[in-house]
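Working through the structure, step by step
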Amino acid sequence: MKILAFETSCDDTAVAIVEDGCRVLASVRVSQVEHNEWGGVVPEIAARLHAENWRGALEQCLGVAEISITAIDALAVTQGPGLQTSLLSGTTAANFLAQLYQKPLIPVHHIYGHLCSVFLDRDLNTVQFPALVLTVSGGHTDLYLWKTATEWEKLGGTLDDAAGEAFDKTAKMLGLGYPGGPIVSKNAENGDRNAYQLPVPNLGKDSLDFSFSGVKAAVYRLIETRKDKSRLVPTEDDNFINDLCASFESTVATIFTKKITTALAQHPGVKTLCFVGGVSANTHIRKALETLSQQSGIQFLRPEKLEYCTDNAAMIASAAYFQKDRATSAYVEADPRLKL
Ligand code: KG4
Ligand code: ZN
């Protein structure tokens, strides 16, 4: 079954064609660099660029897969959550094509898409259930118990900022640009991970929730102290930015390993740990979670390619494959606050 999917929940216009939930025939993403100078995504700019870019992305996608829309079995689209006007661009395009070519349309939840990103370019039997899934992006930091491909239970989530957001804000406070994750990670490579003691929140010994506001505030205080001295730019003997990025990245890794350790103790039958979402592109955190999985004797899975960690349409097509029963000929409305 070949599914053509659109994903436009934030600032990337993504279109993909995936066969049987895992074989990626084409995955195209048009990124919007226009937001970088604003230090974050501007919804009006995102929506305008989606409207300009989706046809080109679609044509490129069909070209790579060497297929015509008439040979597609179903369309899929991210229904939510996300930025309202961005979601509207994707759902409008998908509804239009579904009506025009008389194809069923499958609405998909963005986070369920991230869960299914571990199937891409792999055998569908790769994931051994039950699995723990840590989904960490710019808008979410959630922990799920994934029981079968189509059944899950939320175990915890962030009480304030998402981890990706904390990466982005740290980069912004340091004047490093957007998106912050890859930049903070690059700087961290040359820093001392023990240079600064940042707080690891204690939300109760059994809690599987997360909090990043304390870490963010501590980073802010360190930067403000430094600003007074007008020495934010590192020199040869001043590794402040690199050290802070390294300490921050390590603290986030520690927060995750502590929570996963607690979750594994509470759910001893778990066979796999999946790490998905934009922040799963981070090498240091990935290594920490991989080591923990090895020590716990469970399988560790991150999306096969880095491009499947961050937002992409292939994961939406995969998720739609497992939710074929949701296919509709009715108009699919965007829902910015859609619940999983
Ligand atoms: O999943 P995603 O592409 O979009 C959302 O659904 O939000 O995640 C984007 C987030 C951004 O906050 C970005 O800074 C973060 O993922 N990110 C990273 C890395 N690459 C992207 N965070 C840490 N390290 C990275 N290498
Ligand atoms: Zn995402």
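This section reports on the structure supplied with the text. Values in this document were obtained by computation on a predicted structure and should not be read as measured data. (Residues numbered from 1 in each chain as written. Chains lettered and ligands numbered in written order. Predicted model: local features only at pLDDT ≥ 70, side-chain atom pairs only at ≥ 80, totals over all residues. Heavy atoms only, no water.)

**Observations concerning the environment of A47**
Considering the arrangement of structural elements, one finds A47 in helix 1 (residues 43-65). Judged by its relative accessible area of 15%, A47 is buried. Between the C-alpha atoms of A47 and D11, which are 36 residues apart in sequence, the distance is 8.1 Å. Look past the residues within four positions of A47 in its chain and what remains in contact with it is T85, S86 and S89. (Helix = DSSP H or I, 4+ residues; strand = E, 2+ residues; numbered from the N terminus. Buried < 20%, exposed > 50% of the residue type's maximum accessible area, 1.4 Å probe, protein only. Contact = heavy atoms within 4.5 Å.)

**Digging into the site of ligand 1**
Around ligand 1, the surrounding shell holds 18 residues, and the nearest of these are G138, D168, G181, G278 and D311. A distance of 3.2 Å is found between an oxygen atom of ligand 1 and a side-chain nitrogen or oxygen belonging to H114. Between an oxygen atom of ligand 1 and a main-chain N or O atom of G138, the distance comes to 2.8 Å. Isolated, ligand 1 exposes 560 Å² of accessible area, and the fraction of that covered by the protein chains is 88%. The cavity where ligand 1 resides is the largest pocket. Of all the elements in the fold, those that place two or more residues in the shell around ligand 1 are helix 3 (110-116), helix 4 (163-173) and helix 5 (180-188). Counted by class, the shell around ligand 1 contains 5 nonpolar, 11 polar and 2 charged residues. Both domains that furnish three or more residues to the shell around ligand 1 are identified here as domain 1 (2-117 + 308-326) and domain 2 (128-303). (Near = heavy atom within 4 Å. Polar contact = N/O pair within 3.5 Å; in protein donor to acceptor, adjacent residues only side chain to side chain. Areas by Shrake-Rupley, 256 points an atom, 1.4 Å probe, with all protein chains shown as cover. 1 Å grid on protein atoms, 1.4 Å probe; cavity = no way out; pocket = protein on both sides within 12 Å on 5 of 7 lines; lining within 4 Å. Sits in = over half its atoms within 2 Å of the grid points. Nonpolar A, V, L, I, M, F, W, Y, C, P; charged D, E, K, R; others polar. Domains from an automatic or database assignment.)

**Here we look at unusual backbone geometry**
The general pattern is negative phi for most residues beyond glycine and trans for most peptide bonds. A cis amide bond links G80 to the next residue, P81, at an omega of -10°. For P81, the location among the structural elements is in the loop between strand 4 (74-80) and helix 2 (84-101). The linkage connecting F129 with the following residue, P130, adopts the cis geometry, with an omega of 0°. Mapped onto the fold, P130 is located in the loop between helix 3 and strand 6 (131-136). Non-glycine residue D20 carries a positive phi angle of around 50°. Checked against the element boundaries, D20 lands in the loop between strand 2 (12-19) and strand 3 (23-31). Residue D20 is classed as partly exposed on the basis of its relative accessible area, which comes to 23%.

**Quick word on the pairing of strand 7 (residues 141-148)**
With 6 of its 8 residues buried, strand 7 lies for the most part within the structure. As defined by bridge partners, strand 6 adjoins strand 7 across 6 bridges and the pair is classed as antiparallel. Paired with T135 across the two strands is D142, which belongs to strand 7. With antiparallel pairing between neighbouring strands as the criterion, strand 6 and strand 7 make up a hairpin whose turn holds 4 residues. (Pairing = 2+ DSSP bridges.)

**Considerations on the sheet that holds strand 8 (residues 151-157)**
Pairing is mixed in the open sheet, where 5 strands are placed in the order 8-7-6-9-10. Looking at which strands have only one partner, the edges of the open sheet turn out to be strand 8 and strand 10 (299-301). Taken pair by pair, the neighbouring strands of this sheet meet at an average axis angle of 20°, ignoring direction. Across 3 bridges, the pairing between strand 9 (residues 272-276) and strand 10 is parallel. When the sheet's bridge partners are listed, T272 is paired in strand 10 with Q299. (Axes fitted to C-alpha atoms, helices over the stretch in contact; angles between N-to-C directions.)

**Some remarks on the coordination of the zinc ion (ligand 2)**
Every protein donor of the zinc ion (ligand 2) is listed here as H110 (NE2), H114 (NE2) and D311 (OD), and their distances to the metal cover 2.0 to 2.1 Å. Within one chain, the residues serving as donors to the zinc ion (ligand 2) are arranged as H-x3-H-x196-D. A residue pair is termed a helical-turn pair when its members lie 3 or 4 positions apart in one helix, as H110 and H114 do in helix 3 at 4 residues. Of the two residues, H110 and H114, both sit in the buried class. (Donors = N, O, S within 2.8 Å, 3.2 Å for Na, K, Ca; no water.)

**Describing the pairing of strand 2**
In terms of burial, strand 2 is a largely internal element, 8 of the 8 residues being buried. The alternating pattern of strand 2 places D12, A14, A16 and V18 on one face and T13, V15, I17 and E19 on the opposite face, and all of these are buried. In this antiparallel pair of consecutive strands, strand 2 and strand 3, the connection spans 3 residues, and D20 shows a positive phi of 50°.

**Things to note about helix 5**
Every buried residue of helix 5 is listed here: G180, V184, S185, N187 and A188. Looking down the long axis of helix 5, one finds its buried residues gathered within 165° of arc, a one-sided arrangement. With respect to the buried face of helix 5, the exposed residues turned more than 90 degrees away are P182 and K186. Buried positions along helix 5 lie against helix 4 and helix 7 (240-266). (Arc of directions from axis to C-beta.)

**Side note on the layout of surface pockets**
In this structure, the largest pocket spans a volume of roughly 1,400 Å³. Lining of the largest pocket is provided by 45 residues; of these, S137, G138, D168, Y178 and P179 occupy positions nearest its centre. Where the lining of the largest pocket is concerned, the elements lending two or more residues are strand 3, helix 3, helix 4, helix 5 and helix 8 (283-296). The dominant element in the lining of the largest pocket, judged by the number of residues it contributes, is helix 4, at 6 residues. When its residues are assigned to classes, the lining of the largest pocket shows 11 nonpolar, 22 polar and 12 charged. Shared between two domains, the lining of the largest pocket holds at least three residues of each, these being domain 1 (2-117 + 308-326) and domain 2 (128-303). (Points joined across faces, edges and corners; volume = space filled by probe spheres on them.)

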